[in-house]
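# Architecture and fold: a report
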Amino acid sequence: MRPPVEVSVFLLSLLAPGVLYTMNNIPALQEPLPILGMGMVVLGSVLLLLLLTVQDKMKVDPLFYVFAEFSFTCMVGLTNALEQDGFISGFMGFYLKMGEPHLSTAYAVMMSYWEGVVHFVLFLTIIHRMCRGKSYRSLGLLWAGSSIAHQIVLIPGVVIGKYGSNIRPAFWRNVPFFLVPFWAASLLFSRPREMLIVPADKIAAEQKKGLLSRLVDLLLSLLLVGAMAFSVFRGLVVLDCPLDACFTYIYQYEPYLKDPVGFPRVMMLVYLFYAVPLLTVLIYGLKTPGCSWMLDWTIFFAGAMAQTQWCHIGASLHSRTPFTYRVPADKWWPVIALNVLLAAAPALLALRCHTNPAYFMKPIPKGQTNNEKKKN
């Protein structure tokens, strides 16, 4: 009797540390090109094993292979994080030297923890629901936002930062991991969302309310405006704005923004040019009834901001960040509080949209009950 598919994926993922340990002890596999080649062989072998695992067992969604393959790489990330923090040893030395040296940075360590814990749990949960015919669209969008945000900071950060002059062939294995989440997100957005039906009279009643009479939405709007202002300000800071406020902030509050690794600079620019416009659109969605797209984009954005802020906050405090770039002890509370609020605002918005979606839905015929479902 075969184990459940999600158990098979979990067990397969646990092979990752063994592969790393073996390569770390075979000198012939520790050169730049062999590292890239072995990486491709291992990922190809994992895909083959997945094909053999699920054949004739279920109708396979193509995204299953994405989530299962990425589960394997999550264990690679967790192994890296644990080794960099001194909990284990003997797994990643060869890869940091001849593969991707930037993985030893504080930002990459926090990114690896996120991959190895949050993404891994998401993947197993999605696969579990997928195998039982349950909806996983929202969880998939949460992962897609997180993964895309991860890659659009990581890759440019390596290229423009201090590791840009030491890029090895193994770095380019990030290209498919950059492209696949975009493809997966496009598939997920194109699929119908499943949601509880709300009677037309309740939808009409909710949508007649102005923003000032919806206290929660008003507070969320103010929180999002604050997030926009903070993102614009820090974008100006990393662009070397000569204002005294910018100078004071980068030297007395968040010196991590000038860390030469490049990741914080790229992240602030991503916020400035991508997060700020999206925040503007989300505020519009809170003000305008019937914006059903809010139910998807709030989840996607919450995943993106949670991932980036986890990495940013953790790296700015981590011992692998040089002391001069860490958050000063006397400014710890205001800086961390602002950064936590920046991560919390999109999460709270997504929670509000999904606990009471009536304001964002299009009116439906009367007579349908709350227990029915519809495809929107």
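Residues numbered from 1 in each chain as written. Predicted model: local features only at pLDDT ≥ 70, side-chain atom pairs only at ≥ 80, totals over all residues. Heavy atoms only, no water.

Before going further, it helps to spend a moment on the overall build of the chain. When its secondary structure is counted, the chain shows 14 helices and two strands. The C-alpha radius of gyration computed for the chain amounts to 22 Å, which stays within 12% of the reference 21 Å derived for 376 residues, consistent with globular compactness. C-alpha extents for the chain along the principal axes are approximately 70 × 65 × 30 Å. Residues counted as buried form 51% of the 376 residues belonging to the chain. Within the chain, counting contacts between residues at least 6 apart in sequence, those at least 24 apart form 79% of the total. Here the chain displays about 17,200 Å² of accessible surface, and carbon together with sulfur accounts for 69% of that area. Looking at charge distribution, the chain has the averaged site of its 30 positive side-chain charges lying 7 Å from that of its 20 negative ones. (Helix = DSSP H or I, 4+ residues; strand = E, 2+ residues; numbered from the N terminus. Rg over C-alpha atoms; globule rule 2.2 N^0.38 Å. Buried < 20%, exposed > 50% of the residue type's maximum accessible area, 1.4 Å probe, protein only. Contact = heavy atoms within 4.5 Å. Areas by Shrake-Rupley, 256 points an atom, 1.4 Å probe, with all protein chains shown as cover. Lys, Arg positive; Asp, Glu negative; His and termini not counted. Charge placed at Lys NZ, Arg CZ, Asp CG, Glu CD.)

The residues that UniProt annotates with the feature "domain: EXPERA" (unreviewed entry) are residues 60–185 and 216–350. Secondary structure across residues 60–185 divides into 72% helix and 0% strand, with the first and last C-alpha atoms of the span separated by 18 Å. Taken end to end, residues 216–350 has its terminal C-alpha atoms 12 Å apart, with 74% of it in helix and 0% in strand. (UniProt positions renumbered as here; feature names shortened; annotations may be inferred.)

Before going further, it helps to spend a moment on helix α11 (residues 244–252). Along α11, the positions that sit buried rather than exposed are Cys246, Tyr249 and Ile250. In a view along the axis of α11, the buried residues occupy a sector of 90 degrees, so they form one face of it. Projecting away from the buried face of α11 at angles above 90 degrees are the exposed residues Asp244 and Phe247. At its buried positions, α11 is contacted by α10 (215–238). (Arc of directions from axis to C-beta.)

This brings us to unusual backbone geometry. A positive phi angle is found at Asp240, which is not glycine, with a value near 65 degrees. Tracing the backbone shows Asp240 in the loop between α10 and α11. Asp240 sits in the exposed class, given a relative accessible area of 57%.

With that settled, the discussion passes to the layout of surface pockets. In this model, the largest pocket occupies a volume close to 690 Å³. Ser135, Ser138, Arg193, Glu194 and Met195 are the residues nearest the centre of the largest pocket, which is lined by 30 residues in total. Of all the secondary structure elements, the ones that give two or more residues to the lining of the largest pocket are α7 (137–160), β1 (194–196), α13 (294–317), α14 (332–355) and β2 (373–375). Estimates place the volume of the second largest pocket at around 410 Å³. In this structure, the second largest pocket is lined by 18 residues; those nearest its centre are Ile148, Ile152, Val270, Tyr274 and Phe300. (1 Å grid on protein atoms, 1.4 Å probe; cavity = no way out; pocket = protein on both sides within 12 Å on 5 of 7 lines; lining within 4 Å. Points joined across faces, edges and corners; volume = space filled by probe spheres on them.)

Turning our attention to empty space enclosed by the protein. Over the atoms, a rolling probe the size of a water molecule traces out where space has been left empty. The final tally for this structure, using the stated rule, is two cavities of 30 Å³ or more. Empty space within the largest cavity amounts to approximately 540 Å³. Looking at the largest cavity, it is lined by 37 residues, and the ones nearest its centre are Thr73, Val76, Tyr95, Arg173 and Phe177. Elements with a minimum of two residues in the lining of the largest cavity: α2 (16–24), α3 (32–54), α4 (62–84), α5 (93–98), α6 (106–131), α7 and α8 (174–190). Its residues placed into classes, the lining of the largest cavity shows 24 nonpolar, eleven polar and two charged. Taken as a whole, the second largest cavity spans an internal volume of roughly 40 Å³. Lining the second largest cavity, in full, are Gly99, Glu100, Pro101, His102, Val158, Tyr163, Asn166, Ile167, Arg168 and Phe171. (Nonpolar A, V, L, I, M, F, W, Y, C, P; charged D, E, K, R; others polar.)

What follows covers the environment of Val109. Here Val109 lies in helix α6. Since its relative accessible area comes to 0%, Val109 is described here as buried. Apart from the residues lying within four places of it in its own chain, the contact partners of Val109 are Ala81, Gln84, Asp85, Leu103, Ser104, His318 and Arg320.

Let us now look at the packing of aromatic side chains. One pair of aromatic rings is described through two measures. These are the centre distance and the angle between the planes. Tallied over the full model, the rule gives 24 aromatic pairs. Judged by centre distance (4.6 Å) and plane angle (20 degrees), the rings of Tyr107 and Phe263 are stacked. Here the residue Tyr107 occupies a position in helix α6, and Phe263 occupies one in helix α12 (residues 263–287), the gap between them amounting to 156 residues. Here Tyr107 falls in the buried class, since its relative accessible area comes to 1%. Stacked on the ring of Tyr359, the Lys or Arg Arg214 has its end atom at 3.8 Å from the ring centre. Over the face of the ring belonging to Tyr253 we find Lys331, whose NZ or CZ atom lies 5.3 Å from the ring centre. (Phe/Tyr/Trp six-rings, centres within 6.5 Å; stacked < 30°, edge-to-face > 60°. Lys NZ or Arg CZ within 6 Å of the ring centre and 35° of its normal.)

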